[in-house]
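Here are the chains, one letter per residue:
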Amino acid sequence: MHYYHFDENQLVENPKMAVTILPDNLQIFKEMAREMIETIEENNLLQQSSVLIVPVGPVGQYSYFVEEVNTRQISLKKTWFINMDEYVVNHEWIDQKNLLSFRKFMNEEVYAKIDANLIMPVQQRVFPNPNDIEEIPTLLAQLGKIDLVIGGIGVNGHVAFNEPNSSLTVEEYLQLPTRLQEIAFETRVVNAVASLHGAYELMPTMCVTVGMKEIYSAKKIRLGVFRDWHRSVIRKALYAEPTTAFPVTLLQSHENIQIYCTKFVAQLSDSL
């Protein structure tokens, strides 16, 4: 795994996915917000719908997105936000009052802050549903497209909650649709550090997630890496062979994928 020792120059020398190095987290979040805004504005000019798959993690882009929408009075009436995933407990969405709830975050930090005359209708704010797994595939078939995926990369290479599965071939994995998914142990630990001060045993063990099938079918995919442990993740994502043991590598063949990386992550750490 020689790529773990690539310095910043080597990292961008011959990557298998396009990568742009930006000064800091702020610039990554602004760039993601810009991509969202431009996609929506282009479709609005054509009087067409905009269909975005969006995350709760990373979330830094939303404050800039909301500010631009409100300041420039950009209508979201034709925009669909399909969230990547949500935690599941006892085969139901986690309680929306729970601090871990992605629905809680989107409602309070995104939708509630957009001007009422601009916000998309409630039915266009969609989460994968553990009790109606076919809802999103059916909806996407009706909409006929996904314009943009915004997201991050997990420590084990997951995108959304598409966790590693070495029992599947690359072709089989790329056909995985929206589904209930067990959350990998390493994902629970990393998420617990961010959300529960490291209490990983309190993290849900199940989720509902859009599949790699939906993500791969998008016109554009934009992923951000900005955490210290992303130093190894980005090197493996850009230089490892495609493998279902590290799912983001399967996106190397996508025709329009871009990874935004901070200079901090691009620089080689002494520990590597």
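How each quantity is defined
Residues numbered from 1 in each chain as written. Predicted model: local features only at pLDDT ≥ 70, side-chain atom pairs only at ≥ 80, totals over all residues. Heavy atoms only, no water. Helix = DSSP H or I, 4+ residues; strand = E, 2+ residues; numbered from the N terminus. Rg over C-alpha atoms; globule rule 2.2 N^0.38 Å. Contact = heavy atoms within 4.5 Å. Areas by Shrake-Rupley, 256 points an atom, 1.4 Å probe, with all protein chains shown as cover. Buried < 20%, exposed > 50% of the residue type's maximum accessible area, 1.4 Å probe, protein only. Polar contact = N/O pair within 3.5 Å; in protein donor to acceptor, adjacent residues only side chain to side chain. Pairing = 2+ DSSP bridges. Core = buried A, V, L, I, M, F, W, Y, C linked by side-chain atoms within 4.5 Å. Salt bridge = Lys/Arg side-chain N within 4 Å of Asp/Glu carboxyl O. Phe/Tyr/Trp six-rings, centres within 6.5 Å; stacked < 30°, edge-to-face > 60°. Lys, Arg positive; Asp, Glu negative; His and termini not counted.

J.: Would you take a moment to explain the overall build of the chain for this structure?
T.: When its secondary structure is counted, the chain shows ten helices and eleven strands. The C-alpha atoms of the chain give a radius of gyration of 18 Å, which matches the 19 Å a tight globule of 272 residues would have. Dimensions along the principal axes, computed over C-alpha positions, put the chain at roughly 50 × 40 × 35 Å. When contacts within the chain are restricted to residue pairs at least 6 apart in sequence, those whose partners lie at least 24 apart make up 80%. For the chain, the accessible area works out to roughly 12,300 Å², and carbon and sulfur atoms hold 50% of it.

J.: Sorry, what's going on with helix α4 (residues 102-110) here?
T.: Those residues of α4 not exposed but buried are Phe 102, Arg 103, Lys 104, Met 106 and Val 110. Those residues of α4 hidden inside the fold are in contact with β2 (50-54), α3 (61-72), β3 (79-83), β4 (85-89) and β5 (92-93). You can read the cap of α4 off the contacts: a side-chain oxygen lies 3.2 Å from the backbone nitrogen of Arg 103, and it is on Ser 101.

J.: Where do I start with the sheet that holds β4 in this structure?
T.: Strands belonging to one sheet form pairs held by backbone hydrogen bonds; the direction of such a pair is parallel or antiparallel. Spatially, the four strands line up as an open sheet ordered β5-β4-β9-β8, and their pairing is antiparallel. Looking at which strands have only one partner, the edges of the open sheet turn out to be β5 and β8 (179-182). Relative to strand β9 (residues 206-209), β4 is paired through four bridges, and the arrangement is antiparallel. Note that in β9 the partner of Val 88 across the bridge is Met 206.

J.: How should the sheet that holds β3 be read in this particular structure?
T.: Spatially, seven strands are ordered β1-β11-β10-β7-β2-β3-β6 in an open sheet, and the strand pairing comes out parallel. Across the chains shown, the open sheet's two edge strands, defined by having one partner strand only, are β1 (18-22) and β6 (125-126). Where strand β7 (residues 148-152) lies against strand β10 (residues 220-225), five bridges are found, and the strand directions are parallel. Note that in β10 the partner of Ile 150 across the bridge is Arg 222.

J.: Mind showing me how you'd approach the nonpolar core here?
T.: In summary, soluble globular proteins display a tendency toward joint burial of nonpolar side chains. One finds Ile 82, Ile 215, Leu 223, Val 248, Leu 251 and Ile 259 to be the most contacted residues of the largest nonpolar core, which totals 45 residues. Of all the secondary-structure elements, those providing two or more residues to this core are β2, β3, α5 (135-143), α8 (212-216), β10, α9 (230-239), β11 (257-262) and α10 (263-266). Considering every element that reaches this core, the biggest residue donor is α9, with five residues. In this view, Leu 251 contacts Met 17, Val 159, Met 212, Ile 215, Tyr 216, Ile 221, Leu 223 and Ile 257; residues no more than four positions away in its chain are not counted. Residues Ala 33, Val 56, Tyr 62 and Leu 118 belong to the second largest nonpolar core, which totals 39 residues.

J.: Sorry if this is basic, but what is going on with the pattern of salt bridges here?
T.: A side chain of one charge can pair with a side chain of the opposite charge when the charged atoms of the two come close. Taken as a whole and assessed by the stated rule, the structure comprises 14 salt bridges. Note that Glu 68 is salt-bridged to Arg 72, the shortest N-O span being 2.8 Å. Of this pair, Glu 68 and Arg 72 both sit in helix α3, four residues apart, which is roughly one turn of that helix. Given the relative accessible area of 30%, Glu 68 is considered partly exposed. Through salt bridges with shared partners, a single network forms among Glu 31, Arg 34, Glu 35, Glu 38, Lys 220 and Arg 222.

J.: What is the right way to look at the packing of aromatic side chains in this model?
T.: We describe a pair of aromatic rings using the distance from one ring centre to the other and the angle between the two ring planes. Taken as a whole, this structure holds ten aromatic pairs when the rule is applied. Taking the centre distance of 5.2 Å and the plane angle of 75 degrees together, the rings of Phe 29 and Phe 226 count as edge-to-face. With Phe 29 in helix α2 (residues 25-45) and Phe 226 in the loop between β10 and α9, the pair connects residues that are 197 residues apart, well separated along the chain. The buried category is assigned to Phe 226, whose relative accessible area is 10%. With a centroid separation of 6.4 Å and an interplanar angle of 50 degrees, the aromatic rings of Phe 81 and Tyr 111 are classed as tilted. Of this pair, Phe 81 sits in strand β3 while Tyr 111 sits in the loop between α4 and β6, and the two are 30 residues apart along the sequence. Taken individually, Phe 81 and Tyr 111 each receive the classification buried, so the pair is uniform in this respect.

J.: How should I be thinking about the environment of Lys 97 in this particular structure?
T.: Mapped onto the elements, Lys 97 comes out in the loop between β5 and α4. Residue class for Lys 97 comes out exposed when judged on its relative accessible area of 73%.

J.: When you look at the side chain of Glu 163 in this model, what are you seeing that I'm missing?
T.: Checked against the element boundaries, Glu 163 lands in the loop between β7 and α6 (170-173). Buried and unpaired, Glu 163 has Arg 179 as its nearest opposite-charge partner, separated by 8.4 Å. Among the polar contacts listed, one links the side chain of Glu 163 to the side chain of Thr 187, at a separation of 2.9 Å. If we ignore the near neighbours within four places in the chain, the residues touching Glu 163 are Asn 156, His 158, Tyr 173, Gln 181, Glu 182, Ile 183, Ala 184, Thr 187 and Pro 247.

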